[in-house]
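Chain by chain, the residues run as shown.
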Amino acid sequence: MADIEALLSLEQIDRDIFRGIHAPSVLARTFGGQVAGQALRSAIGTVPDAMQVHSLHGYFLRPGDPDADTVFLVDRIRDGRSFCTRRVNGVQNGEAIFSMSASFQLPGQAGIEHSDEMPPTPAPESVPSPREDPNATRESLGLFEEWSNWDIRIVPQEETAPYVGRAVHQQVWFRHIGRLPDDQNVHTSALAYMSDMTLLGSARVAHPGVDTQVASLDHAMWFLRPFRADEWLLYDQTSPSAGGGRALTAGRIFAQDGNLVAVVIQEGLHRFRQ
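Residues numbered from 1 in each chain as written. Predicted model: local features only at pLDDT ≥ 70, side-chain atom pairs only at ≥ 80, totals over all residues. Heavy atoms only, no water.

Within an unreviewed UniProt entry, the label attached to the protein reads Acyl-CoA thioesterase 2, and the organism entered is Tsukamurella spumae. Per UniProt, the protein has the following entry under Catalytic activity (unreviewed entry): "a fatty acyl-CoA + H2O = a fatty acid + CoA + H(+)". (UniProt positions renumbered as here; feature names shortened; annotations may be inferred.)

Here it is in structure tokens:
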């Protein structure tokens, strides 16, 4: 994969039209996180500098061509004093492959505050990296090979504290390798990119050895507190339900200091291969 800064440095074709580059990849279709991150970056390019994204909701409409750039068309749905809304369509070869709505808020507004505590988990440094683990699975090695600019460490199941009554629990530590700019929008877009990584696969934790066809269907995120994508983040994942060839997955993302910084909900295809 190309460096995340290169992927997020979009070409502005017109006032509300942007082009995102494609990255060298062995994937059969465009990585969903790449499309989501670039779509968010396009929306950010049309809002006042003071506004910060607080949520996005996206649908993956068609498989993207990994060897083609994507053009993003932004609609300015609403501009208010405290909130503004954008709708973005990602297009390849004249067809929409991704559609997203994003809402932005002027930060600093006072209100109630509370947050979940970070669940117990091994420190990231104690979790073997696929680079160093001789027993690394094919999936883990694939994470290293395709996303070599990121350090991604899946906590072994035997070291993951179970949630009573929940079918699935998976924990993943990740961070970007190398310092990113201090611009919070870069970190937010980078997290949108990485939020598609490993979450849908968490549904297979309850079905070891079962081979399924997997594809993202929709994706929603809420950004709760400032963070850095080049510092350790814990992706605490569950899958409340699977059925009908689909699986619903959810993830809470914590900074290493315990702050809950984002929440992700994703549904994806999980059906038996024909």
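A. The nonpolar core, seen in detail. Membership of the largest hydrophobic core comes to 51 residues, with the highest contact counts inside it found for Leu 40, Phe 104, Trp 150 and Leu 191. Each of domain 1 (1-107) and domain 2 (126-273) gives at least three residues to this core. The contact partners of Leu 191, leaving out residues within four places of it in the chain, are Phe 174, Met 221, Phe 223, Phe 227, Leu 233, Ile 253 and Ala 262. Core analysis: the second largest hydrophobic core is formed by seven residues, Val 155, Trp 232, Leu 234 and Phe 254 among them. (Core = buried A, V, L, I, M, F, W, Y, C linked by side-chain atoms within 4.5 Å. Buried < 20%, exposed > 50% of the residue type's maximum accessible area, 1.4 Å probe, protein only. Domains from an automatic or database assignment. Contact = heavy atoms within 4.5 Å.)

B. Representation of the pairing of strand 12 (residues 260-272). As defined by bridge partners, strand 9 (residues 212-223) adjoins strand 12 across 11 bridges and the pair is classed as antiparallel. Counted as the bridge partner of Gln 213 is Arg 271 from strand 12. Hairpin connection of strand 11 (residues 246-255) to strand 12: four residues between the antiparallel strands, including Gly 258 at a positive phi of 100 degrees. (Pairing = 2+ DSSP bridges. Helix = DSSP H or I, 4+ residues; strand = E, 2+ residues; numbered from the N terminus.)

C. Main features of the UniProt feature "domain: Acyl-CoA thioesterase 2 C-terminal" (unreviewed entry) in the protein. When the UniProt feature table is mapped onto this chain numbering, "domain: Acyl-CoA thioesterase 2 C-terminal" (unreviewed entry) sits at residues 149-269. Note that residues 149-269 is 9% helix and 45% strand, and that its end C-alpha atoms are spaced 27 Å apart.

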